[in-house]
Amino acid sequence: MPEDSPDRSPAGKLDDEDYPAYSMGHAAEILGVTQAFLRSLDAAKLLTPGRSEGGHRRYSRYQLRLAARARELIDQGTALESACRIIILEDQLAEARRINAELEHTHRPAMNGPSPAPG
């Protein structure tokens, strides 16, 4: 992507919830978890953090939300693997609902449009 494209601008990065802006240490601090916990989410394939040029894990805001949800479920007694599966299913359901709402909006007939011609 060219450096001068809108998606590469600093403002675009700030608005992008998928931009890997947080180091592992900062992500762990924000969430109040250990770095080992974040690594366990990576091993369980819930999160696939980006990597810096030096190979260090980098997390997005979206990934931080998933990690926070995992911590919540685990704190309630859910096993790590089960928590990851629940979160994946919740995420898939939310995406399906978003797509459904979008399709309903774009395919809904106009309420005040012309009446169909008599047949």
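In the block above lies the structure referred to throughout.
Residues numbered from 1 in each chain as written. Predicted model: local features only at pLDDT ≥ 70, side-chain atom pairs only at ≥ 80, totals over all residues. Heavy atoms only, no water.

## Some thoughts on the pattern of salt bridges
Right, so step 1: The full count for this structure, using the stated rule, is 7 salt bridges.
Right, so step 2: The partner of arginine 65 in a salt bridge is glutamate 17, and the shortest N-O contact between them spans 2.4 Å. Of the two residues, arginine 65 is situated in helix α4 (residues 61–75) and glutamate 17 in the loop between α1 (10–15) and β1 (22–23); the sequence distance between them amounts to 48 residues.
Right, so step 3: With relative accessibility at 42%, the residue arginine 65 sits in the partly exposed group.
Right, so step 4: Between arginine 98 and glutamate 95 there is a salt bridge, with the nearest N and O atoms lying 2.7 Å from each other. You can see arginine 98 and its partner glutamate 95 sitting in helix α5 (residues 80–107), 3 residues apart, about one turn around the helix.
Right, so step 5: On the basis of relative accessible area, arginine 98 is assigned to the partly exposed category, the value being 43%.
Right, so step 6: You can call glutamate 95 partly exposed: its relative accessible area is 37%.
Right, so step 7: Shared partners join several salt bridges into a network, and the residues in it are Arg69, Glu72 and Glu90. (Salt bridge = Lys/Arg side-chain N within 4 Å of Asp/Glu carboxyl O. Helix = DSSP H or I, 4+ residues; strand = E, 2+ residues; numbered from the N terminus. Buried < 20%, exposed > 50% of the residue type's maximum accessible area, 1.4 Å probe, protein only.)

## Let's talk about the side chain of serine 60
Right, so step 1: Mapping serine 60 onto the fold places it in the loop between β3 (57–59) and α4.
Right, so step 2: Looking at serine 60, the relative accessible area reads 2%, which means it is buried.
Right, so step 3: At a separation of 3.4 Å, a polar atom in the side chain of serine 60 contacts the main-chain carbonyl oxygen of glutamate 17.
Right, so step 4: Ignoring anything within four residues of it in the chain, the contact list for serine 60 reads Glu17, Asp18, Tyr19, Pro20, Ala21 and Tyr22. (Polar contact = N/O pair within 3.5 Å; in protein donor to acceptor, adjacent residues only side chain to side chain. Contact = heavy atoms within 4.5 Å.)

## Examining the packing of α4 against α5
When two helices pack together, you describe them by how their axes are tilted relative to each other and by the distance separating the axes.
Right, so step 1: Two elements in contact, α4 and α5, have axes separated by 9 Å at closest approach and are oriented at 130 degrees. Considered as vectors, α4 and α5 are oriented oblique to each other. Of the two elements, α4 crosses α5, and the hand of that crossing is right-handed. On α5, the residues that touch Tyr62, Leu66, Arg69, Ala70, Leu73 and Ile74 of α4 are Leu80, Ala83, Ile86, Ile87, Glu90 and Asp91. (Axes fitted to C-alpha atoms, helices over the stretch in contact; angles between N-to-C directions. Parallel < 35°, antiparallel > 145°, perpendicular 65-115°, else oblique. Left-handed = near helix turned anticlockwise from the far one by under 90°.)

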